[in-house]
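So the chains spell out like this:
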Amino acid sequence: MCTRFVYRGNDIITGFNFDIDLSTWKHKIFKENDCFYIGILRPDTTYHSYHGINRNGNVGTLLYVHGNPDGSYKNEPDCMTIAELTEQFVKAQISFDEALSIVKTKKIVYAQDATMQAMLSDIHGHVLIIEPGIGYREENEGYSLITNYSLLSPESTKPFIIPGDNRYEKANQLLSECENDFSVLDACKLLQTVRQEGPWATRVSFVYSVKEQTVYYVQNNHFEKVERYTFPSIVYDKEQQPN
């Protein structure tokens, strides 16, 4: 369970609620010079950066979705997993345009042990929604929003909607009423409104401001304790100074 949005106003603002069952997954927050991310511990004993922000403005997140056979994992040269694609984007190993080229030329499939869909966005507010086995969509106007159900083929996940789960509808209504001055505070309030509790509670919420190059984040729904991480300024030595 997760909620992710991008709002394009006077600032490009991303919000993300990371909802996870602690009995199934282990996570940890990493704050590095070039990347802020929620690491997910995988069987290879590595905390993978499937949800995070790079200094260059790339933001990538994976959201659980009920799978479809067309997106099943395949270890073939013309296939790429959604997890691999998202992590490469978060780490700035590929650009937004390169990610777009990949979804056009390769079959995007689920990871071996999880069915996920993704939202990727860049510093300009360009958004790429990717649903393995279904397709992709580019967005660059107003706002973009996704939760745990398909946007490209709503009927395919409609049978799996949890009764009472109206996160998408709530967030969509709030975002539709916002103006160009939509702020970090507004984004935090929105995430608080759609936060989850119980086994799949919201464990981390983050908001990223492109203008500020800063991440505001909250752990375990303690929205009264917002922490802040600003990417360090790049310092060049004399030989590295750009022309």
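Look a little higher up for the structure.
The structure displayed is predicted, hence computed values, not measured ones.

(A) Fine view of helix H5 (residues 184–193). Among all positions in H5, only Val-184, Ala-187, Cys-188, Leu-190 and Leu-191 are buried. The buried residues of H5 occupy an angular sector of 160° when the element is viewed end-on, so they sit on one face. Buried residues along H5 sit against strand E1 (2–8), strand E2 (12–19), helix H4 (167–176), strand E13 (202–209) and strand E14 (214–219).

(B) Summary view of the sheet that holds strand E10 (residues 127–131). Read across the open sheet, the seven strands follow the order E3-E4-E5-E6-E9-E10-E11; overall the sheet is antiparallel. Looking at strand neighbours, the two that pair on one side only are strand E3 (27–31) and strand E11 (135–139), the edges of this open sheet. Sheet twist, expressed as the mean angle between neighbouring strand axes with direction ignored, is 25°. Contacts between helix H1 (residues 82–90) and the sheet are confined to strand E4 (35–41), strand E5 (47–54), strand E6 (59–64), strand E9 (116–121) and E10, with E5 contributing the most and set at about 45° to the helix. The strands that helix H2 (residues 96–105) touches are E9, E10 and E11; relative to E10, the one it contacts most, it runs at about 30°.

(C) Main features of the sheet that holds E14. Strand order in the open sheet formed by six strands is E12-E1-E2-E13-E14-E15, with antiparallel pairing between adjacent strands. The sheet terminates laterally at strand E12 (143–146) and strand E15 (227–230), the two strands that pair on one side only. For this sheet, the mean angle separating the axes of adjacent strands, direction not counted, is 10°. Relative to E2, E1 is paired through seven bridges, and the arrangement is antiparallel. Bridging from a neighbouring strand, Thr-3 pairs with Asn-17 of E2. Where H4 meets the sheet, it contacts E1, E2 and E12, and its direction lies at approximately 170° from that of E12.

(D) Spatial organisation of the pattern of salt bridges. The final tally for this structure, using the stated rule, is six salt bridges. One salt bridge connects Arg-42 with Asp-113, and the closest N-O pair in it is separated by 2.9 Å. Remark: Asp-113 occurs in the loop between strand E8 (107–109) and E9 and Arg-42 occurs in the loop between E4 and E5; sequence separation between them is 71 residues. Taking the relative accessible area as the measure of exposure, Arg-42 reaches 15% and is therefore buried. Classification of Asp-113 by relative accessible area gives partly exposed; the value is 43%.

Cut-offs applied
- Residues numbered from 1 in each chain as written.
- Predicted model: local features only at pLDDT ≥ 70, side-chain atom pairs only at ≥ 80, totals over all residues.
- Heavy atoms only, no water.
- Buried < 20%, exposed > 50% of the residue type's maximum accessible area, 1.4 Å probe, protein only.
- Helix = DSSP H or I, 4+ residues; strand = E, 2+ residues; numbered from the N terminus.
- Arc of directions from axis to C-beta.
- Contact = heavy atoms within 4.5 Å.
- Pairing = 2+ DSSP bridges.
- Axes fitted to C-alpha atoms, helices over the stretch in contact; angles between N-to-C directions.
- Salt bridge = Lys/Arg side-chain N within 4 Å of Asp/Glu carboxyl O.

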